[in-house]
Amino acid sequence: MVRRINELDEQFKSLSDDALRAKTAAWKEELSKISDPEEQWNRLDEILPEAFAAVKNAARRLKERRHSFSVCDQPMTWDMVHFDVQLVGGMVLHRGRIAEMATGEGKTLVATLPLYLNALTGRGAHLVTVNDYLARRDAEWMGALYNFLGLTVGCIQHDQEPDVRRQQYACDITYGTNSEFGFDYLRDNGMATTREQQVQRGYHYAIVDEVDSILIDEARTPLIISGPATISTHQYDKWKPLIEQLVRKQTMLCNRVASEAAEKFEQGDVETGGRLMFKVKLGQPRNKQLLRMMEDPDKRRAIDKAELSFYTDTRKEELFALKEELFFTIDEKSNEADLSEQGRTFLNPDDPNAFVLPDLINEFTEIDLDTTLSDEEKDKRKSERQQHCDEQAERIHNISNLLRAYCVFDKDVQYVVEENKVVIVDEFTGRKMPGRRWSDGLHQAVEAKEGVQIDRETQTLATITIQNYFRLYQKLAGMTGTAETEAAEFHDIYKLDVNVIPTNRPVARKDHNDRIYKTRREKYNAVINEIREHHTKQQPVLVGTVSVEASELLSRMLKREKIPHNVLNAKFHMQEAEIVARAGQPGTVTISTNMAGRGTDIKLGQGVPELGGLFVLGTERHEARRIDRQLRGRCARQGDPGGSRFYVSFEDDLMRNFGAADRMTKIMERFGLEEGQELEHRWLNKSVETAQKRVEQRNYLIRKRTLDFDDVMNMQREVVYTYRNEVIDSEEPRTLIYEVIDEAVPAKLKEYLEVDEPNYAGLIHWVNTTFPLGLTKDKAQFETRTVDENAQFLIGKVKEAYERKSSHEEPSAVKSLERYIILNAIDRLWQEHLYAMDALREGVYLRGYAQKDPLIEYKTEAYDMFVELMANIKNEVLHNLFRSTSNLQAFENFLASLPQFLLREDAPTARTASAPARVRQPQPVGAMAGVAMDGDGAGEMSIDLPVRRSLPKVGRNEPCPCGSGKKYKNCCGRTA
Ligand code: ADP
Ligand code: MG
């Protein structure tokens, strides 16, 4: 195939520019006539060699002419013609697979081939990048090629208005970040109320750049558009002082136990010492003495041994007893916090049961069995117990959050405090993420701990995970330098296969063995020494860190050593790209978190290859091997020389929590490791990798779980969004209204009549409060007909009345009103549904304790709730049908009752404000991109019960929603 493409490229050389360009137009024309997508794909496969050759040929022409243009306001000269391996990469992408191509292999250029080919269909081809800067850079850079060939290219940027966005989407090819694409989808489908307001035009073909980062690293963070929640129940302020005391007591207790343990160790009673320290670990995983003891191989082994032995089945009871000696226990790995009997008594001496959940199922059974109670009393009793349980759950949840906030979340590690706000620091990139919040009250707990203002919880208005957004595409492809280690996950979850493309030139990088130290301090000293070595001989060094703090620490150390350097934190993409691009110059030292400057190529300066090329120095092994590979891949591009080495210490989180501690300790003993000494051996790298694999596996399961839950919501969202779009697109919304009548009226009739004792009076009452029919018992004659006949009778009456009403009004106004009625019902109830689903999701975990699979429970309940939602939407439509059309005043009232953004949309003077999210637009993307729960095992530690809220009711003294101007109690409320 590659040969064929190159032959064609050879042939095309004789064509004029116009003749080459004419191919684009001819293919577009031809493909536009094929309406069957399947057939269209087949045709694309056929023209692939020619199309790729045309792109390559165009690139050659640009290079020969030294075509110059500007990219991100910098002058640029085109100097690339596709290599053979790039053609192979292009084919892989066209086939909807992941192309693994090492960093520096020119993936940006590779993507031009399939993007060009797939854009010929005229249905839009998207390229997804990791940040706005790269979107713009690549669109402008590759734009030279597309424009030459006669295709248009657009680029989505965060600050664009809807009109501009629409133009970008209308281009043949569109570049943008995943969150911009995702938010546009949510706004188009969840908020826009007319076709004109929508900006996207379908999901045909997308290539995701750095696909591992988006599908794997960000898999736990859905895109969320949210507004402030209407209810807030937290009591963090109230509990904070007590919890502070409790934490202090626990610290004292743990310190005492640790000193005792130290004595035991001194006396040679290693076993007791280990046991005591394990207790400290349970109660205070970050206890200073504990951390110090873990550095000592003997003690460390004793503690690990105690831990292992306690987790054997036979010692469950003992473990339980041990936990009861503490006030609470904290599990650092799973992020869980649990009160013991002592702790509960301390918090509430009068009622230690205040922090245990009642056994509702049992209580309900007992109530049911109680023959002295009437059904009504039983219901009442049950709802009392339910409410009691809700309160307990809320309280436990608050306490647990606070304990975690105090014991597991450290200031300046997981978060920083800035301008009276708690700002999350991304564990992967070290970036601060203003506007993002931990969900489920945890953020508020941390706010309480830090004594800053406790912000209101927000409520989800629309949400989707990035993964589900990408599933919308008919064909999806991805590219990255590092996919291989996660190939199984890509295959299982996303049905994406990974193809590893060989490099254009052989890789000349030398990967050295890890160097392992006892403590962080020793490790960092060694890091500085190695940096100095390279620096003295002018060899450039790129130092990778896993957090902003580590970067800053190293920077301070380098300053002391008077070694000039740059620090990148993935904050200013464009400037960082410039700094990174210079990281290959002689003598430069660049410190960078693993995300910073990603996607920018590091070219070696003059004389640098002779010095050994760029040296990459990792200061810590990351949880995922993939991220380490990525860091290594930053040097030795395109056959350049280069080297890499990682530094590890036993104090690193990875080693503390998942390290092959036992083995390591043994090795340390065997070698008799001394202060400042290091370990270095091939199979030590293996041990580290084993630990990494273990974390990867665990994180995979967490992601899979998240997606399983999200799948349920995804199907519901599809149904609702499809319906919503049908309403928006419909030329005759009345047919949709009539469909609602046809379905909802019979359902209501069944509710009243298909029961043991048909409730005719109730039915008539409902009819008269919903429709202006003025039915009486005599007029209706319901008793004389079957349920079906009654339904037909009523449907006829309602439609007739409706025709009469609307015949007085301006037809186009009626149409848009009809659309509004349905959209309004969908939006309002869907948002409530999202809220209830959130709560349900938290709630099912509680039931997990009752030996039921939370996912199955969730699916069943979610389904029921969805059926109820759809029925409610229809009922709401019926209700608003006549209330809103009767007169102008009513219409205005109706509009006033719509959510704010809908109003803005419609007001002719506010044309520019057409995207609902504009209300929140001054904030960074992050403000809308809530983190569902960035911690481990989202939701698992939650003990919230679902809170079902009844629909908001109109107050008796408020104006009646029908628009009569009278008080509700004197109008519609009189009969209700
Ligand atoms: P990747 O995304 O794979 O890491 P980039 O797309 O950023 O790589 O490209 C890396 C560098 O390689 C860029 O400077 C680009 O100009 C150069 N490059 C890519 N393909 C070619 C080519 N066919 N000929 C010459 N230079 C190329
Ligand atoms: Mg790239």
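Residues numbered from 1 in each chain as written. Chains lettered and ligands numbered in written order. Predicted model: local features only at pLDDT ≥ 70, side-chain atom pairs only at ≥ 80, totals over all residues. Heavy atoms only, no water.

Along its length, the protein chain carries 37 helices and 23 strands. Relative to its full complement of 976 residues, the protein chain shows a buried share of 55%. Look at the contacts in the protein chain between residues 6 or more apart in sequence, and 74% of them connect residues 24 or more apart. When the accessible area of the protein chain is evaluated, it comes to approximately 43,100 Å², of which 50% is carbon and sulfur surface. (Helix = DSSP H or I, 4+ residues; strand = E, 2+ residues; numbered from the N terminus. Buried < 20%, exposed > 50% of the residue type's maximum accessible area, 1.4 Å probe, protein only. Contact = heavy atoms within 4.5 Å. Areas by Shrake-Rupley, 256 points an atom, 1.4 Å probe, with all protein chains shown as cover.)

Tracing the sequence through the fold places Asn-790 in helix α32 (residues 787-807). Within the structure, the side chain of Asn-790 is placed 3.0 Å from the backbone oxygen of Phe-782, a separation counted as a polar contact. If we skip the residues at most four places from it in the chain, Asn-790 touches Leu-749, Leu-753, Phe-782 and Arg-785. (Polar contact = N/O pair within 3.5 Å; in protein donor to acceptor, adjacent residues only side chain to side chain.)

This part covers the environment of Arg-123. Within the secondary structure, Arg-123 sits in the loop between α5 (107-119) and β4 (125-129). Residue class for Arg-123 comes out partly exposed when judged on its relative accessible area of 26%. C-alpha of Arg-123 to C-alpha of Tyr-169: the two residues are 46 residues apart in sequence and 10.0 Å apart in space. Polar contacts involving the side chain of Arg-123 include one to the side chain of Gln-474, which spans 3.4 Å.

What follows is about the packing of aromatic side chains. Two measures describe an aromatic ring pair: the distance that separates the ring centres and the angle between the ring planes. Within this structure, the stated rule accounts for 16 aromatic pairs. Following the ring pairs from residue to residue traces out a cluster consisting of Tyr-185, Tyr-203, Tyr-469, Phe-470, Tyr-473, Tyr-721 and Trp-830. In this structure, Arg-21 is placed above the aromatic ring of Phe-148, and the distance from its NZ or CZ to the ring centre is 5.0 Å. We note Lys-523 situated over the ring of Tyr-524; from NZ or CZ to the ring centre the distance is 5.1 Å. (Phe/Tyr/Trp six-rings, centres within 6.5 Å; stacked < 30°, edge-to-face > 60°. Lys NZ or Arg CZ within 6 Å of the ring centre and 35° of its normal.)

The grouping of Asp-375, Glu-376, Glu-377 and Asp-379 at the surface amounts to a negative patch. In this structure, Glu-377 sits in helix α17 (residues 375-407). (Patch = residues over 30% accessible without salt bridge, like charges linked within 9 Å, V, L, I, M, F, W, Y side chains within 5 Å. Salt bridge = Lys/Arg side-chain N within 4 Å of Asp/Glu carboxyl O. Lys, Arg positive; Asp, Glu negative; His and termini not counted. Charge placed at Lys NZ, Arg CZ, Asp CG, Glu CD.)

Among the 16 residues in the neighbourhood of ligand 1, the closest are listed as Val-81, Gly-104, Lys-107, Thr-108 and Lys-603. Taking Gly-106, its main chain carries an N or O atom lying 3.1 Å from an oxygen atom of ligand 1. The side chain of Thr-108 places a nitrogen or oxygen atom 2.4 Å from an oxygen atom of ligand 1. For ligand 1, whose accessible area on its own is 560 Å², the fraction buried by protein is 87%. Of the residues assigned to the shell around ligand 1, the class counts are six nonpolar, five polar and five charged. (Near = heavy atom within 4 Å. Nonpolar A, V, L, I, M, F, W, Y, C, P; charged D, E, K, R; others polar.)

This next bit is on the sheet that holds strand β13 (residues 432-433). Read from one edge to the other, the open sheet built from three strands follows the order β11-β12-β13, with strand pairing classed as antiparallel. Each edge of the open sheet carries a strand with a single partner, namely β11 (415-418) and β13. Two strands pair when backbone bridges link them, and β11 and strand β12 (residues 421-425) are joined in this way by four bridges, in the antiparallel orientation. Note on β12: the bridge partner recorded for Val-416 is Val-423. In this fold helix α18 (residues 442-450) packs onto β11 and β12, with an angle of close to 125 degrees to the strand it touches most, β12. (Pairing = 2+ DSSP bridges. Axes fitted to C-alpha atoms, helices over the stretch in contact; angles between N-to-C directions.)

All right, on to the nonpolar core then. Looking at soluble globular proteins, one finds that nonpolar side chains tend to be buried together. Core analysis: the largest hydrophobic core is formed by 93 residues, its most contacted members being Leu-186, Phe-470, Phe-490, Ile-741, Phe-771 and Leu-794. For this core, the element with the highest residue contribution is helix α33 (residues 811-848), accounting for 14 residues. Residues within four places of Phe-470 in sequence aside, it is in contact with Val-128, Asn-178, Val-208, Ile-214, Leu-215 and Leu-476. (Core = buried A, V, L, I, M, F, W, Y, C linked by side-chain atoms within 4.5 Å.)

Another point: α32. Along its 21 residues, α32 runs 30 Å from first to last C-alpha, staying within 8% of the 30 Å computed at 1.5 Å per residue. Buried residues of α32: Val-787, Asn-790, Ala-791, Leu-794, Ile-795, Val-798, Ala-801, Tyr-802 and Ser-806, and no others. Here the buried residues of α32 occupy an arc of 135 degrees about the axis, which is enough to place them on one side. Within α32, the exposed residues directed more than 90 degrees away from the buried face are Gln-792, Arg-804 and Ser-807. (Expected span 1.5 Å × (residues − 1). Arc of directions from axis to C-beta.)

Reading predicted coordinates in detail is not appropriate for stretches of low pLDDT. Per-chain confidence: the protein chain averages 81 in pLDDT, with 83% of residues scoring 70 or above. Across residues 885-891, confidence stays below pLDDT 50; counting only partners more than four residues off in sequence or on other chains, it has ten contacts. Residue range residues 893-954 is modelled with pLDDT below 50. Its contacts to residues more than four positions away, or to other chains, number 147 contacts. (pLDDT = per-residue confidence, 0-100.)

A separate point is unusual backbone geometry. Backbone phi values are negative for most residues with the exception of glycine, while trans is the configuration of most peptide bonds. We note that Glu-419 has phi near 45 degrees; this positive angle belongs to a residue other than glycine. Considering the arrangement of structural elements, one finds Glu-419 in the loop between β11 and β12. The class for Glu-419 is exposed, based on a relative accessible area of 80%.

A few words now on the pattern of salt bridges. In total, this model carries 52 salt bridges according to the counting rule given. Its salt-bridge partner being Arg-637, residue Asp-601 comes within 1.9 Å of it at the nearest N-O pair. Separated by 36 residues along the polypeptide, Asp-601 in the loop between β21 (589-593) and α24 (608-611) and Arg-637 in the loop between α25 (625-632) and β23 (641-649) bring together distant segments of the chain. With relative accessibility at 29%, the residue Asp-601 sits in the partly exposed group.

This brings us to the pairing of β12. Within β12, four of the five residues are buried, which leaves it mostly tucked inside the rest of the structure. Adjacent in sequence and paired antiparallel, β11 and β12 are bridged by two residues, among which Glu-419 carries a positive phi angle near 45 degrees. Pairing between β12 and β13: two bridges, direction antiparallel. Paired with Ile-424 across the strands is Met-433, a residue of β13.

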